[in-house]
Every structure is written in structure tokens, then in C-alpha cells.
Amino acid sequence: MLACVRVSKLDELPAWATELVQSARVARLGLVDDDGHPRVLPVSFAIADGRLWTAIDAKPKRDPRREPARVRFLRRDPRAALTVDRYSDDWDELAWVQVLGGVRILDAADASAGLQSLIEKYEPYRSSTPPGPLLALEPIRCLFWRASSGSGTGTGT
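In this report, we go over the structure that sits alongside the text. Not measured: the values here are computed from a predicted model.

**Examining the side chain of R146**
- With respect to the element layout, R146 can be found in strand β8 (residues 134-146).
- For the buried R146, no salt bridge is present, and the opposite-charge side chain at shortest range is E19, 8.6 Å distant.
- In this structure the side chain of R146 is engaged in a polar contact, spanning 3.0 Å, whose partner is the backbone oxygen of S148.

**What to know about the nonpolar core**
- With 43 residues, the main nonpolar core has F45 and L82 as its most contacted residues.
- The biggest single contributor to this core is β8, with six residues.
- Not counting residues up to four positions away in its chain, the partners in contact with L82 are A27, R28, L29, V43, F45, L52, V97, Q98, V99 and L137.

**Examining the environment of E138**
- With respect to the helices and strands, E138 occurs in strand β8.
- Exposure remark for E138: the relative accessible area of 26% places this residue in the partly exposed category.
- C-alpha of E138 to C-alpha of G50: the two residues are 88 residues apart in sequence and 7.6 Å apart in space.
- Beyond its immediate chain neighbours, meaning those up to four positions away, E138 contacts R51, L100, G101, G102 and R104.

**Notes on unusual backbone geometry**
- Going from G132 to P133, the amide bond is cis rather than trans, its omega being 10°.
- Looking at the secondary structure, you find P133 in the loop between α4 (123-127) and β8.
- With phi around 55°, D49 is a residue other than glycine that occupies positive phi space.
- Taking the relative accessible area as the measure of exposure, D49 reaches 59% and is therefore exposed.

**Some words on the pattern of salt bridges**
- If you walk through the whole model with that rule in mind, you get seven salt bridges.
- Note that R51 is salt-bridged to E138, the shortest N-O span being 2.8 Å. Here E138 lies in strand β8 and R51 lies in strand β5 (residues 51-55), a separation of 87 residues in the sequence.
- Since its relative accessible area comes to 18%, R51 is described here as buried.
- As a salt-bridge pair, R79 and D77 come within 2.7 Å of each other at their nearest N and O atoms.
- We classify D77 as buried; its relative accessible area is 10%.
- Put simply, D34, R72 and R76 are held in one network by salt bridges that share partners.

Reading the values: rules and limits
- Residues numbered from 1 in each chain as written.
- Predicted model: local features only at pLDDT ≥ 70, side-chain atom pairs only at ≥ 80, totals over all residues.
- Heavy atoms only, no water.
- Helix = DSSP H or I, 4+ residues; strand = E, 2+ residues; numbered from the N terminus.
- Buried < 20%, exposed > 50% of the residue type's maximum accessible area, 1.4 Å probe, protein only.
- Lys, Arg positive; Asp, Glu negative; His and termini not counted.
- Salt bridge = Lys/Arg side-chain N within 4 Å of Asp/Glu carboxyl O.
- Polar contact = N/O pair within 3.5 Å; in protein donor to acceptor, adjacent residues only side chain to side chain.
- Core = buried A, V, L, I, M, F, W, Y, C linked by side-chain atoms within 4.5 Å.
- Contact = heavy atoms within 4.5 Å.

This is the structure in C-alpha cells:
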């Protein structure tokens, strides 16, 4: 098993960790709620300009007059973590990458690179562009680990 390693930028990740982050369809966004309790939410995400981006999309139950809870939480405390993992019943294939940093909340009009990256990655966004805002996680620290020390990339390394 490899030890947990840390770097400060996404472009410093080893190839296997970069491939894991780029290919993952969902991540978990960890933040702190209004009462100081940890919250973890599944999110779609993409990489652009050295940041990890997620968008507030049109939700059927969303009241457009109210700011979504995650945005409210991040306005109060912008610290967050985004975790991508690979699980397998073959525990030699286990791996994860966690990016910690501060989140900037941007209107969709001010986040074209992030929005374009999300649209390219997720087909539903091509027909229904998320109204935003967009959340841009600026990495401060990236942690990663995998069970196997294989030299290749992709599943099983």
C-alpha cells in the first residue's frame, strides 16, 4: 500500500490520480453547515483553470427566491473538500483523491471556463445549461492514496 501523499496543486498529482479525478462522474463535496456540523453532498464536477468546478443546476423542488443551502454555507465559511474515490471488492484497486481549499462563488456569466468544462463532461448540461451560481474550489492541498503501487494508469493501478 502507498502512504497518503499530499501536493498543493492539481497539476502536481501523479498520472493515476489525475486520471481518477478526470474520469470520475461524481464526487463528494464536504463543507460546514450553519450550525458548524460537517455536511457531505454528492456533486457533478469538472476541472478547468486549475480548479474544480460544480454548478447549481435547475432543480424541480428549488425555490428560485431562496439560495441553495450549500451556497449559503459556503458564503459563511468557504473552506471545503472534494473527494473522488474508486471502490472495488478487489481492495488492491482502492484509491482516492481529496482536494481541500477555498470555494469562490461565481455567477455563470463570470465562470465561462468552468461552465464549458461541465457542459463538455455532462450531456444533460448540453441541453439544459445550469443557471448557477458556479462553485470554484481553489486547491490549497491535494491528498491522495491508492492500495496498489502499479506503474500504469486507469482501473486497477
